[in-house]
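Commentary on secondary and tertiary structure
The lines below spell out each chain.
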Amino acid sequence: MKVVVVGGGYAGTIAANRLARKSRETEITVINPRPEFVERVRLHEQIAGTGAAATPLAAMLRDGITVRLGSVEKIGDGSVTLVDGETGDFDHLILAVGSTATPLPGTVAVGTWESAEQARTKLAEVPAGGVVTVVGGGPTGIETASEVAFARPDLRVRLVGPTVGASLSDGARRRVRRALDRLDVEVVQDFVTVLDPGRGERGGDMVGLRSGRRLDSDLTLWAIIGTVPDLAARSGLEVDADGRAVVDDLLRSVTDPRIFVVGDCAAVPGSRAACATAIPQGAHAADTLARMLNGREPTPYSMGYVGQALSLGRRDGLIQASRRDDTVRGLYIAGRGAAMVKERVCRSARYGARTANYVWLRGPK
């Protein structure tokens, strides 16, 4: 039995490891464009130089799992074709290519390993007194602006977005704003519409806002993650309006039941892009496939959320409690204790992906 896993992130790694543990006779190959397992929840640390986000992928996978470096061009009828033209067949495939960013031209995205490395290099070149603009008021933008401001107090850091912390409760949003104020992060509630490199007053970027305001910026980081690779659509799988593959209650493509789709690239009702989503989905796909291979009845996917975790620099953080359906509660904790909890969350996500030991709450009834 041949199983191919496309993508070596949280979902793909735990799927491969869990399946290898539960179905030892299965031949498993992980195809990934880079030799590293990237902790996306730490990319803001990578950019700011306060932490590292990459581990050799081979060290994250169980013995016996084959790693093939490359990018998949298309998934056909029981076969995969790589960009370099190489092909391979499969009996089952787990698609776990995650999500990506489509940055405004001239900005540097922060959501991928390659762009985060580019941002880290460019940030190191910004002189004292320079201005760094982070576009996006969601968790990625908040964490990136906070981390850069913490690591480089010699810079002016601003965060631009129509809202800041929209997924948080009112009290948690106010707490985030206080944290940003303490880090001297300027918050500009507006939309970025254009960026002209080299057109700023000091020779840097000129950031144009919907309101007509123009801002100077020595480095502009794009912290909006909202698109998925078009591999599923390119391969003829049914996708939703956002390009995510439509799946059944077992996380199988409704077009081809041999293909499981997990993580950010799967259109699972009620889910959001997060490692807290990707890991349970990857584990469930592996469990389901192992059950099927052993002649057992699979069970539908079900997962409930517990909250969100944000870092606000290295010494501050926020944990927002939520209901299982991901609606927020009024309860949150913040401060050093929350920063420690966030660090444990990051470590447990990596540990779960590597060991395949992971449990999660069932979804709301």
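Residues numbered from 1 in each chain as written. Predicted model: local features only at pLDDT ≥ 70, side-chain atom pairs only at ≥ 80, totals over all residues. Heavy atoms only, no water.

- Under the annotation held in an unreviewed UniProt entry, the chain carries the name Dehydrogenase and is attributed to Actinoallomurus iriomotensis.

**Examining the overall build of the chain**
- Across its full length, the chain carries 9 helices and 23 strands.
- Its C-alpha atoms give the chain a radius of gyration of 21 Å, within 12% of the compact-globule value 21 Å for 365 residues.
- For the chain, the share of sequence-separated contacts (at least 6 apart) that also reach a separation of at least 24 residues comes to 63%.
- When the accessible area of the chain is evaluated, it comes to approximately 16,000 Å², of which 49% is carbon and sulfur surface.
- Put simply, the chain has 47 plus and 42 minus side-chain charges, and the middle of one group is 7 Å from the middle of the other. (Helix = DSSP H or I, 4+ residues; strand = E, 2+ residues; numbered from the N terminus. Rg over C-alpha atoms; globule rule 2.2 N^0.38 Å. Contact = heavy atoms within 4.5 Å. Areas by Shrake-Rupley, 256 points an atom, 1.4 Å probe, with all protein chains shown as cover. Lys, Arg positive; Asp, Glu negative; His and termini not counted. Charge placed at Lys NZ, Arg CZ, Asp CG, Glu CD.)

**As for the pairing of strand E15 (residues 205–209)**
- With 5 of its 5 residues buried, E15 lies for the most part within the structure.
- Examined bridge by bridge, strand E14 (residues 192–196) and E15 share 4 bridges and lie antiparallel to one another. Residue Asp196 lies in a different strand from E15, and its bridge partner there is Met206. (Buried < 20%, exposed > 50% of the residue type's maximum accessible area, 1.4 Å probe, protein only. Pairing = 2+ DSSP bridges.)

**Points about the packing of aromatic side chains**
- Here the structure, examined in full by the defined rule, presents 2 aromatic pairs.
- Above the ring of Phe191, the side-chain terminus of Arg210 is found at 4.0 Å from the ring centroid. (Phe/Tyr/Trp six-rings, centres within 6.5 Å; stacked < 30°, edge-to-face > 60°. Lys NZ or Arg CZ within 6 Å of the ring centre and 35° of its normal.)

**Here we look at the environment of Arg324**
- Take Arg324: it is sitting in the loop between strand E22 (317–322) and strand E23 (328–334).
- Note: C-alpha distance between Arg324 and Gly204 (120 residues apart in sequence) is 45 Å.
- With residues up to four places along the chain from it excluded, the contact list for Arg324 reads Gly304, Tyr305, Leu361, Arg362, Gly363 and Pro364.

**Regarding the sheet that holds E23**
- Strand order in the open sheet formed by 3 strands is E21-E22-E23, and the pairing between neighbours is antiparallel. In this open sheet, the two strands that pair with only one neighbour each are strand E21 (307–311) and E23. Ignoring strand direction, the axes of neighbouring strands in this sheet form an average angle of 15°.
- Inspection of the sheet shows E22 paired to E23 by 4 bridges, in the antiparallel sense. Note on E23: the bridge partner recorded for Gln320 is Tyr332.
- Seen against the sheet, helix H9 (residues 336–355) touches E21, E22 and E23 and runs at an angle of roughly 75° to E22. (Axes fitted to C-alpha atoms, helices over the stretch in contact; angles between N-to-C directions.)

**Side note on the sheet that holds strand E16 (residues 214–217)**
- The 3 strands lie next to each other as E14-E15-E16, forming an open sheet whose pairing is antiparallel. Strands at the two margins of the open sheet, each flanked by one partner only, are E14 and E16. Averaged over all adjacent pairs, the angle separating strand axes in this sheet is 25°, with direction ignored.

**A look at the pairing of strand E13 (residues 185–188)**
- Two elements, strand E12 (residues 156–160) and E13, share 4 bridges in a ladder whose sense is parallel. Counted as the bridge partner of Arg158 is Glu186 from E13.

**Concerning the packing of helix H1 (residues 10–22) against helix H8 (residues 275–293)**
- For the pair H1 and H8, interaxial distance at closest approach is 8 Å and the crossing angle is 30°. It follows from the interaxial angle that H1 and H8 lie roughly parallel. You can see that H1 and H8 cross each other, and the crossing is right-handed. Contacts between H1 and H8 involve Tyr10, Ala11, Ile14, Ala15, Arg18, Leu19 and Lys22 from the first element and Cys275, Ala278, Ile279, Gly282, Ala283, Ala286, Asp287, Leu289 and Ala290 from the second. (Parallel < 35°, antiparallel > 145°, perpendicular 65-115°, else oblique. Left-handed = near helix turned anticlockwise from the far one by under 90°.)

**With respect to the nonpolar core**
- In this structure, Tyr10, Ile75, Leu93, Leu95, Ile259 and Val261 are the most contacted members of the largest nonpolar core, which totals 55 residues.
- Of all the elements, H8 adds the most residues to this core, at 8 residues.
- With near-sequence residues (within four places) excluded, Val261 lies in contact with Leu95, Ala245, Val247, Leu251, Ser253 and Ala266. (Core = buried A, V, L, I, M, F, W, Y, C linked by side-chain atoms within 4.5 Å.)

**Things to note about the packing of H1 against H9**
- Two elements in contact, H1 and H9, have axes separated by 6 Å at closest approach and are oriented at 40°. Considering the angle they form, H1 stands oblique to H9. Residue-level contacts link Tyr10, Thr13, Ile14, Asn17 and Arg21 of H1 to Ala349, Arg350, Gly352, Ala353, Arg354 and Thr355 of H9.
- Within the contact of H1 with H9, the residues separate by chemical class into 4 nonpolar, 4 polar and 3 charged. (Nonpolar A, V, L, I, M, F, W, Y, C, P; charged D, E, K, R; others polar.)

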